[in-house]
Amino acid sequence: MLFFLLANINIMKWINDKTIYIEKVLNELDKLLLSFIRILEKYFEYVVVAGYVSILFGRSRATEDIDILIREVNKKSFKKFWKEVNKKFWCLNSNEENEAFNILKESALRFARKNEIIPNIEVKLCKKKIDFLTLKEKIEVKFSNKRSIFIFPIEIQIAYKEEVLGSEKDLEDALHLREVFKERIDNNKIEEYKEVIRSE
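Residues numbered from 1 in each chain as written. Predicted model: local features only at pLDDT ≥ 70, side-chain atom pairs only at ≥ 80, totals over all residues. Heavy atoms only, no water.

Asks: For this particular structure, what's the right way to read the pairing of strand β7 (residues 108-113)?
Replies: Along any regular strand the residues' side chains alternate between the sheet's two faces. In the sheet, strand β6 (residues 89-91) pairs with β7 via three bridges, with the strands oriented antiparallel. Pairing of Phe89 across the sheet is with Arg113, part of β7. Two strands pair when backbone bridges link them, and β7 and strand β8 (residues 120-125) are joined in this way by four bridges, in the antiparallel orientation. Residue pairing in the sheet places Phe111 in a bridge with Ile121 of β8. Hairpin remark: β7 followed by β8, antiparallel, with six residues in the connecting loop; positive phi at Asn115, about 65°. (Pairing = 2+ DSSP bridges. Helix = DSSP H or I, 4+ residues; strand = E, 2+ residues; numbered from the N terminus.)

Asks: How should the layout of surface pockets be read in this particular structure?
Replies: One simple way to see leftover space: roll a probe sized like a water molecule over the atoms. Space inside the largest pocket adds up to approximately 510 Å³. Contributing to the lining of the largest pocket are 26 residues, with Val49, Ala50, Lys124, Tyr160 and Leu165 lying nearest its centre. Elements with a contribution of two residues or more to the lining of the largest pocket: α2 (51-56), β5 (65-70), β8, α5 (129-136), α6 (154-165) and α7 (168-180). With five residues, the single largest contributor to the lining of the largest pocket is α6. (1 Å grid on protein atoms, 1.4 Å probe; cavity = no way out; pocket = protein on both sides within 12 Å on 5 of 7 lines; lining within 4 Å. Points joined across faces, edges and corners; volume = space filled by probe spheres on them.)

Asks: Can you help me understand the pattern of salt bridges in this one?
Replies: For side chains bearing opposite charge, pairing can occur when the charged atoms are close. Summed over the entire model, instances satisfying the criterion amount to 21 salt bridges. The salt bridge partner of Glu172 is Arg59, with a shortest N-O separation of 3.3 Å. Taken together, the residues span a long stretch of sequence, with Glu172 in helix α7 and Arg59 in the loop between α2 and β5 at a distance of 113 residues. What makes Arg59 buried here is its relative accessible area of 14%. Notably, a salt bridge pairs Arg59 with Asp173, separated by 2.6 Å at the nearest N-O pair. Residue Arg59 is located in the loop between α2 and β5, and its partner Asp173 is located in helix α7; the two are separated by 114 residues in the primary sequence. Here the salt bridges share partners, and the residues they tie into one network are Arg59, Lys161, Asp170, Glu172 and Asp173. (Salt bridge = Lys/Arg side-chain N within 4 Å of Asp/Glu carboxyl O. Buried < 20%, exposed > 50% of the residue type's maximum accessible area, 1.4 Å probe, protein only.)

Given below as structure tokens:
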């Protein structure tokens, strides 16, 4: 097992190749996500992606949203999800179930706590090959409070930020992950993921 000392994280260790355990003081983003995931995971297979993952592992920067990918959605599952999620959250795009379902099929839905706008959670459907690969190869992060979330592989995060996004913020996110996970990262995998991204 590998142990790390990071800002805001007391302990981080790999349990196996697909599972990381962390002990940290949960911030507001963590609490928002865990509350939302408790509902989402009942109805959809999901994976947390983008900037939040870097912040989770000690990167000190702000973000207004958390991005989540889910597999294809059907009306029946969405109806149940919509009914439950609206007890604690509200959808910024629409307050009508059918309209929200159609928006999700075309683009994305944003959810925030009742009477709030920021921070919020953006939920999108997997559409590209790299999206489905991300879902297939996701890893689990277990918190000390016995809750857990699924995130995409660190190599995919790095590949996407370096190959597609490329802003200063994104390159710094990628560099942070390269440093934190330098003993675990498979650079060949990063290049393989970049090839998948380029092919699309």
